[in-house]
Amino acid sequence: MKNPIEALGYKILTTSMGGEAAGDGKPKLSRRGFMVLSTALGSSCSLASSAKPDGSGSLADVPPDSAPARTSANTTYRTPKPKGPVPRNPDNNFPASGSTSGITFSRVSMSQPYIAITFDDGPHPKNTPRLLDMLRERNIKATFYVIGRNVDLYPNVLRRTVSEGHEIGNHTYTHPILSKLSDSAVRAELTKCRDAVARAAGVKPRTMRPPYGALLQRQREWIHSDLNYPTIMWSVDPLDWKRPGPSVVTSRILSGTTPGAIVLAHDLHSQTVDAMPATLDGLLNKGFKFVTVSQLLAMGAQSGPGQVASGQ
Ligand code: NI
């Protein structure tokens, strides 16, 4: 029987070469290509630590956005075989459609150990498929805040992401600083991303995350009422876009994550993906259970009014 992943156009690779990828010439080249891409993209969503969840922060130190470089598809990467048994996220069957009246969420208040991990700025032709392998192995469903422009470049990667049960969020079409744009330009950014996602994978995002966390309260309100998107921020930020090294990314996420957390990370960066096996296993070993952002919001809504924390 044909594997469904192959049916989607993805080549299934054996793991017999596991472990030697780092010494190979090709991955070195592709890593260099990645560095070029990263430089071209500049930093990412979490850059504006100065932008507070309530939208009042200064954005003076946010560099201008630039166009992403086009990179070729990765056909040689093999996810290294993990040592020992891989912990597995439990099978959850939670609704994602609970009505939430909140406009902004950076976490959800709950005592149960549910969390949502989010990956921004993809899809990326090499790092996103690597990450999807890691998530699938652990039965973890994540939420991807995608850039519409990258969706149009790599629609197959988005299709695979959706087919494996992950949630897609709207992260605009070109990753601009929305707080500096007119309402009509903001609307165009969000609808263009939504349409790219629908074209590629037949689904529509349920939530949005502003690039750099930069969105005024007034904008959050009309985006919620007109486009039906709650604004999703985060409660755990490992600053992975600064590329501090995989072990630092892992330790920051493990030390910062509490029940109801929304964890920010970027599948654009190879170091972030390198950090994920240890990060995901560490969170599972601590007893956390992964759900998507919409599921987490629905759980917060079910726990009663006033239970959903955020900078409304
Ligand atoms: Ni971003």
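Residues numbered from 1 in each chain as written. Predicted model: local features only at pLDDT ≥ 70, side-chain atom pairs only at ≥ 80, totals over all residues. Heavy atoms only, no water.

A. Highlighting the pairing of strand 4 (residues 167-170). The two faces of strand 4 match: E167 and G169 on one face and I168 and N170 on the other face are all buried. Here strand 3 (residues 143-146) pairs with strand 4 via 4 bridges, running parallel. Pairing of F144 across the sheet is with I168, part of strand 4. (Buried < 20%, exposed > 50% of the residue type's maximum accessible area, 1.4 Å probe, protein only. Helix = DSSP H or I, 4+ residues; strand = E, 2+ residues; numbered from the N terminus. Pairing = 2+ DSSP bridges.)

B. Structural context of the nonpolar core. If you look at the biggest cluster of nonpolar residues, it comprises 34 residues, and the most contacted ones within it are F119, F144 and M276. Here the element with the most residues in this core is helix 9 (residues 270-285); it accounts for 6 residues. (Core = buried A, V, L, I, M, F, W, Y, C linked by side-chain atoms within 4.5 Å.)

C. Local environment of the packing of aromatic side chains. One pass over the full model with this rule turns up 2 aromatic pairs. With a centroid separation of 5.2 Å and an interplanar angle of 85 degrees, the aromatic rings of F94 and Y114 are classed as edge-to-face. Here the residue F94 occupies a position in the loop between helix 2 (25-41) and strand 1 (104-105), and Y114 occupies one in strand 2 (residues 114-120), the gap between them amounting to 20 residues. Seen from the ring of Y173, K192 lies directly overhead, with NZ or CZ sitting 4.2 Å from the centre. (Phe/Tyr/Trp six-rings, centres within 6.5 Å; stacked < 30°, edge-to-face > 60°. Lys NZ or Arg CZ within 6 Å of the ring centre and 35° of its normal.)

D. Structural detail: the pattern of salt bridges. Going through the model one piece at a time under the given rule, you end up with 12 salt bridges. We note a salt bridge from R209 to D120, for which the minimum N-O separation is 2.8 Å. A residue pair is termed long-range when its members are at least 10 positions apart, and R209 in the loop between helix 6 (183-201) and helix 7 (217-227) and D120 in strand 2 qualify at 89 residues. Looking at R209, the relative accessible area reads 0%, which means it is buried. By relative accessible area, which is 0% here, D120 ends up buried. The partner of D183 in a salt bridge is R218, with the nearest N and O atoms 3.1 Å apart. Taken together, the residues span a long stretch of sequence, with D183 in helix 6 and R218 in helix 7 at a distance of 35 residues. Looking at D183, the relative accessible area reads 31%, which means it is partly exposed. Residues participating in the shared-partner salt-bridge network are D133, R136, R160 and E164. (Salt bridge = Lys/Arg side-chain N within 4 Å of Asp/Glu carboxyl O.)

E. Main features of unusual backbone geometry. G122 connects to P123 through a cis peptide bond whose omega is -5 degrees. Summarising the element assignment, P123 is placed in the loop between strand 2 and helix 3 (127-138). With a phi angle near 75 degrees, T172 is a residue other than glycine that sits in the positive phi range. If you trace the backbone, T172 turns up in the loop between strand 4 and helix 6. Even without being a glycine, R243 presents a positive backbone phi close to 50 degrees. Within the element layout of this structure, R243 appears in the loop between strand 5 (231-232) and helix 8 (246-256). Judged by relative accessible area, which is 28%, R243 ranks as partly exposed.

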